[in-house]
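An overview of the molecular structure
Each chain, written out:
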Amino acid sequence: GQSLEQPSEVTAVEGAIVQINCTYQTSGFYGLSWYQQHDGGAPTFLSYNGLDGLEETGRFSSFLSRSDSYGYLLLQELQMKDSASYFCAVRGGQAGTALIFGKGTTLSVSS
Amino acid sequence: NAGVTQTPKFQVLKTGQSMTLQCAQDMNHEYMSWYRQDPGMGLRLIHYSVGAGITDQGEVPNGYNVSRSTTEDFPLRLLSAAPSQTSVYFCASSLTGSPTGELFFGEGSRLTVL
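Residues numbered from 1 in each chain as written. Chains lettered and ligands numbered in written order. Predicted model: local features only at pLDDT ≥ 70, side-chain atom pairs only at ≥ 80, totals over all residues. Heavy atoms only, no water.

Overview of the pattern of salt bridges
Quick reminder of the rule: Here, a salt bridge means any Lys or Arg side-chain nitrogen found within 4 Å of an Asp or Glu carboxyl oxygen. In this description a helix means any DSSP run of H or I spanning at least four residues, a strand means any run of E spanning at least two, and both kinds are numbered starting from the N terminus. Type-normalised accessible area, obtained with a 1.4 Å probe on protein chains alone, sets the label of each residue: buried when under 20%, exposed when over 50%, and partly exposed for intermediate values.
One pass over the full model with this rule turns up 4 salt bridges over all chains. Among the salt bridges present, the one from D82 of chain A reaches R59 of chain A, with a minimum N-O distance of 2.7 Å. Of this pair, D82 of chain A sits in the loop between β8 (70–75) and β9 (84–92) while R59 of chain A sits in the loop between β6 (53–57) and β7 (60–65); the two residues are 23 residues apart in sequence, bridging distant segments of the chain. For D82 of chain A, a relative accessible area of 2% puts it in the buried group. Two residues, R44 of chain B and D38 of chain B, come together in a salt bridge whose shortest N-O distance is 2.8 Å. A relative accessible area of 21% places R44 of chain B in the partly exposed class.

So this is what it looks like as structure tokens:
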């Protein structure tokens, strides 16, 4: 099966940098994904790491270390609108077709 | 382009009633899935399908049935609702073979079972 661990809450101020960590256990690895969900909304895709290293998309970056079963999401130049829940996810199920999510990290950004 | 459409958005049921949550996508995605979201529990996979005629169980399948007769539709059935099934349900789809496996979510269906 699959299991993912991430912190339940993180707080930061506008303009700061925050890192949300994710450790995972999975029988077969097909990549680590990150999703964002604002209160009352649907999750939306942020990033994907299939190989070790850093992927950058604007203010957001995601990192993966397959040997450590570890990844993180880095959010820079935080804005109030970044207040949301962030989920890491790995593929599981038959041939890694299904996406299994962690419990999520709630990020609160204050002014 | 509508994306993933879920109906109804809100529903109140009494214990023991049955109902179907509808999910339709117009992106020709082979993969479709259902999640439930409860406070502090993240998104838990109920059932998924890799194509028409193929379904499989996820992490929390008990109490739910699914079928996939067409590529576009993936309904979720509650045969005898229980208060423990009070939750927000999300349907999601993706293109098989996508390098990122990006999931596209519907807006959610909020179900209350009394």
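A word on the sheet that holds strand β3 (residues 18–26) of chain A
All names here are of chain A. Filter applied, for reference: Pairing between two strands is assigned when DSSP locates at least 2 bridges connecting them. Axis geometry follows a simple rule: fit a line to the C-alpha atoms, using only the stretch in contact for helices, then measure angles between N-to-C directions, giving values from 0 to 180 degrees.
The strand order across the open sheet formed by 5 strands is β1-β3-β8-β7-β6, and the pairing between neighbours is antiparallel. The outermost strands of the open sheet, each flanked by one partner alone, are β1 (2–5) and β6. Pairs of neighbouring strands in the sheet enclose a mean axial angle of 20°, with direction left out of account. Relative to β7, β6 is paired through 5 bridges, and the arrangement is antiparallel. By the bridge assignment for β7, G53 is matched with L64.

Focus on the interface of chain A and chain B
Frequently, the measure chosen for interface size is the accessible area removed from exposure when the parts meet. We count it as follows: What makes two residues a contact is simply this: any of their non-hydrogen atoms within 4.5 Å. Accessible area, probed at 1.4 Å, shrinks when two parts are joined; the buried area is that loss added up over both. Polar contacts here mean pairs of N or O atoms no more than 3.5 Å apart (in protein, one a potential hydrogen donor and the other a potential acceptor; neighbouring residues in sequence count only if both atoms are side-chain atoms).
Counting residues at the interface gives 20 residues for chain A, matched by 23 residues for chain B. Of the roughly 1,700 Å² buried between chain A and chain B, counting both surfaces, carbon and sulfur atoms make up 57%. Counting across the interface, chain A meets chain B through 0 salt bridges. Here chain A is connected to chain B by 4 residue pairs in polar contact (both at pLDDT 80 or more). Put simply, the parts of the chain that give the side of chain A that touches chain B at least two residues each are β4 (32–37), β5 (44–49), β9 and β10 (98–101) of chain A.

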